[in-house]
Amino acid sequence: MKIIDCLIIGSGPAGYTAAIYASRANLNPVLIQGIQPGGQLTTTNDVENYPGYPQGVTGPVMMEDFKKQAERFGTETVFGTVTEVQFSKEIGGIHKIIIDNKTEMQTRTVIISTGASAKYLGLESEKKYMGSGVSACAVCDGFFFKNQDVVVVGGGDSAAEEATYLAKLCNKVYLLVRKDQMRASKIMQKRVLETKNLEVLFNHETVEVMGEQTVQKIKVLNTNNNKTYTIPATGFFLAIGHNPNTEIFKGQLEMDEVGYLMTKANSSLTNLPGVFASGDAQDSIYRQAITAAGSGCMAALDAEKYLSELH
Ligand code: NDP
């Protein structure tokens, strides 16, 4: 079996940036696209904060551009999902990667860029308006709701941060917290409570997202008195956490209690030689396309250095 130099798992900004750098360094990378080719950005309509696109770009078009750029330098993209990994613990060891439960690939280095998935409530109506008023990223989509009224769901630091961010842009922000208290840090809670156009609705749950083509109102349940009512709003933001897509690495790579991969400071190095992590799979804080792309670049440079030190 042919042993490749660099295998990249995932096709978001981190994976494709790693592929661009690895292919230009003659590592002949093979990139496995995964369940959602193009990653989370393919569910975003307009990307306006990625440098180099002065007029903005849609998520799917941007990811197609990333792909073309990686393929231009010889990256081989494979349609399929990694279902199992058997990482070597030895320096210079060969890592085995199984695709779709059947095809085995062998590689000297692996760059993990499997991303993370935002958690959703699981409502049918929420799915219906995805990209038409429903979003899980205030920094990405908040601008489209300038001077409008929006609803944010969640009670953690993400919700507090997203709600205060949106309050700077929007006319009014309602924060739905399902319990009678927030889980966010005290300082974030204070910031939330001190923001004038931000109203926290404790003991509130979402019943339905409603509208015509786009979101127009949110039906909520006040669990204190068991009454439902609607809040007029054009945006509905979920901030109830993310799940890193790292399940298949459990037991082999070090991760935090949520499942984010641990990397050595200022690098993409994991606890195993020749295995590197980039993008949202190892970043619970920034989670932006540009930071993911930057860390994909780091992973490719680290992989190149590792390989050159083997010879
Ligand atoms: P968390 O898991 O901390 O919080 C999730 C929040 O969403 C909780 O309030 C939870 O409610 C609520 N929630 C979960 N499921 C539902 C549901 N089905 N319906 C309604 N509400 C729901 O996630 P975060 O993304 O906020 O934070 C993740 C980590 O990242 C944390 O460690 C956080 O501190 C950190 N972080 C730090 C930031 C910073 O320091 N600037 C910014 C953002 C995140 P409940 O409390 O009732 O369980």
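Residues numbered from 1 in each chain as written. Predicted model: local features only at pLDDT ≥ 70, side-chain atom pairs only at ≥ 80, totals over all residues. Heavy atoms only, no water.

Participant: It is not clear to me how the site of the ligand should be interpreted in this structure. Could you clarify?
Facilitator: Taken together, 13 residues form the shell around the ligand, and within it D157, S158, E161, R178 and R183 come nearest. At 2.6 Å from an oxygen atom of the ligand is found a side-chain nitrogen or oxygen belonging to S158. Protein contact buries 68% of the 900 Å² of open area that the ligand shows by itself. Here the residues of the shell around the ligand are counted per class, giving three nonpolar, five polar and five charged. (Near = heavy atom within 4 Å. Polar contact = N/O pair within 3.5 Å; in protein donor to acceptor, adjacent residues only side chain to side chain. Areas by Shrake-Rupley, 256 points an atom, 1.4 Å probe, with all protein chains shown as cover. Nonpolar A, V, L, I, M, F, W, Y, C, P; charged D, E, K, R; others polar.)

Participant: Would you take a moment to explain the side chain of D302 for this structure?
Facilitator: Along the chain, the position of D302 falls in helix α7 (residues 289-310). For the buried residue D302, which engages in no salt bridge, the nearest side chain bearing the opposite charge is K305, 6.7 Å off. (Helix = DSSP H or I, 4+ residues; strand = E, 2+ residues; numbered from the N terminus. Buried < 20%, exposed > 50% of the residue type's maximum accessible area, 1.4 Å probe, protein only. Lys, Arg positive; Asp, Glu negative; His and termini not counted. Salt bridge = Lys/Arg side-chain N within 4 Å of Asp/Glu carboxyl O.)

Participant: Help me understand the pattern of salt bridges, please; the structure alone is not making it clear to me.
Facilitator: Oppositely charged side chains may form a pair once their charged atoms are brought near each other. All chains considered together, the criterion is met by seven salt bridges. D5 is paired through a salt bridge with R108; the nearest N and O atoms lie 3.0 Å apart. Within this pair, whereas D5 is found in strand β1 (residues 3-9), its partner R108 is found in strand β8 (residues 103-112), the two being separated by 103 residues in sequence. For R108, a relative accessible area of 25% puts it in the partly exposed group. E194 is the partner of K190 in a salt bridge, and the nearest nitrogen-oxygen pair spans 3.3 Å. Highlighted residues: K190 and E194, both in helix α6 (residues 186-194), separated by four residues, approximately one helical turn.

Participant: Is there a simple way to think about the sheet that holds strand β11 (residues 149-153) in this case?
Facilitator: Reading across the sheet, the five strands line up as β10-β17-β11-β12-β13 and stay open at both edges, with parallel pairing between neighbours. Pairing within the sheet leaves two strands with one partner each, and these edge strands are β10 (134-135) and β13 (198-201). Relative to strand β17 (residues 235-238), β11 runs parallel, the two sharing four bridges. From the neighbouring strand, V150 faces β17, where its bridge partner is G235. (Pairing = 2+ DSSP bridges.)

Participant: Looking at this structure, how should I read the domain arrangement of the chain?
Facilitator: By a widespread convention, an interface's size corresponds to the accessible area lost as its parts come together. Its domain assignment divides the chain into domain 1 (3-117 + 242-310) and domain 2 (120-238). Between domain 1 and domain 2, the C-alpha centre-to-centre distance is 32 Å. Contacts between domain 1 and domain 2 engage seven residues on the former and seven residues on the latter. Here domain 1 and domain 2 share an interface that buries about 630 Å² over both sides, 41% of which is from carbon and sulfur atoms. Along the contact surface separating domain 1 from domain 2 lie zero salt bridges. Here the side of domain 1 that touches domain 2 is composed, by residue class, of no nonpolar, four polar and three charged. (Domains from an automatic or database assignment. Contact = heavy atoms within 4.5 Å. Buried area = accessible area lost by both parts, 1.4 Å probe.)

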